[in-house]
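This is what each chain is made of:
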Amino acid sequence: MVSGIRHAKSRTGFVSEKTCYTCKSCKDCPRKADCIHGNHSKQPLDERTKHFEVAKVFQQERQEDLARITSEHGIEVRVNRSIQAEGAFADVKADRNYRRFLTKGHVNVEAETILLAMAHNIFKEPLIK
C-alpha cells in the first residue's frame, strides 16, 4: 500500500521523487525474518512492518537505457567506441611517451588533458595535404 511520496534533494540540487510503500500487516508472514532487515533495530521484529521506497522515474529511465544499449545500434556504437578510445589512449601513452600528469589540482589537470587532446589531433593528420 502506498504510504506517501518523498522528495529528496541531492547535493547537486537534483530533486527526486520516491514513492513509499508500507505493508499493512506482516504478523503471519513466514518470510518476515528474511524480508525485513535491520538487525540492530530497537523495535522487536514482531512489531515491525516492511517499508521500502521506489523511484519510478529512475526505474523507467533505466529500462529505456537498457533497451537502447542492448539494441543492434547500441551494440555497434559500444564496439566502435571501445576501439576508438583504445587507439587514442595508446597513441598518447606509448607513442608520445606520456606517463603521468605533470600538474596538481582539478583545473590544472583538465587544462593539461585539453592540451594533450589538441596535440593528439594535430599529430593525427597532417595539416597540409
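Residues numbered from 1 in each chain as written. Predicted model: local features only at pLDDT ≥ 70, side-chain atom pairs only at ≥ 80, totals over all residues. Heavy atoms only, no water.

K.L.:
So what's going on with the overall build of the protein chain? Which residues, and what values?
P.N.:
What the protein chain contains, in helices and strands, is four helices and three strands. Ordered by position in the sequence, the α and β elements of the protein chain form the string β-β-α-β-α-α-α. For 129 residues, the compact-globule formula gives about 14 Å, and the C-alpha radius of gyration of the protein chain, at 26 Å, lies well above that figure. Along the first, second and third principal axes, the C-alpha set of the protein chain runs to 80 × 40 × 25 Å. Put simply, of all contacts in the protein chain between residues at least 6 apart along the chain, 34% involve residues at least 24 apart. For the protein chain, the distance from the average position of its 23 positive side-chain charges to the average position of its 17 negative side-chain charges is 6 Å. (Helix = DSSP H or I, 4+ residues; strand = E, 2+ residues; numbered from the N terminus. Rg over C-alpha atoms; globule rule 2.2 N^0.38 Å. Contact = heavy atoms within 4.5 Å. Lys, Arg positive; Asp, Glu negative; His and termini not counted. Charge placed at Lys NZ, Arg CZ, Asp CG, Glu CD.)

K.L.:
Describe the pairing of strand β2 (residues 15-22), listing the residues and the values that go with them.
P.N.:
On a regular strand, each side chain points to the face opposite its neighbour's, so the side chains alternate between the two faces of the sheet. As paired strands, strand β1 (residues 2-9) and β2 are joined by seven bridges and run antiparallel to one another. Residue pairing across strands places H7 opposite E17, the latter belonging to β2. Linking β1 to β2, which pair antiparallel, is a turn of five residues; within it G13 sits at a positive phi near 100°. The sheet contact formed by β2 and strand β3 (residues 51-54) spans four bridges and is antiparallel. By the bridge assignment for β3, T22 is matched with H51. (Pairing = 2+ DSSP bridges.)

K.L.:
Which residues make up the environment of K56, and what values go with them?
P.N.:
Along the chain, K56 turns up in helix α2 (residues 56-69). Residue classification places K56 among the partly exposed residues on the basis of a relative accessible area of 46%. Along the primary structure K56 and L115 are separated by 59 residues, whereas in three dimensions their C-alpha atoms are 42 Å apart. Every residue in contact with K56, bar those within four places of it in the chain, is listed here: E17, T19 and Y21. There is a polar contact of 3.2 Å between the side chain of K56 and the side chain of Y21. (Buried < 20%, exposed > 50% of the residue type's maximum accessible area, 1.4 Å probe, protein only. Polar contact = N/O pair within 3.5 Å; in protein donor to acceptor, adjacent residues only side chain to side chain.)

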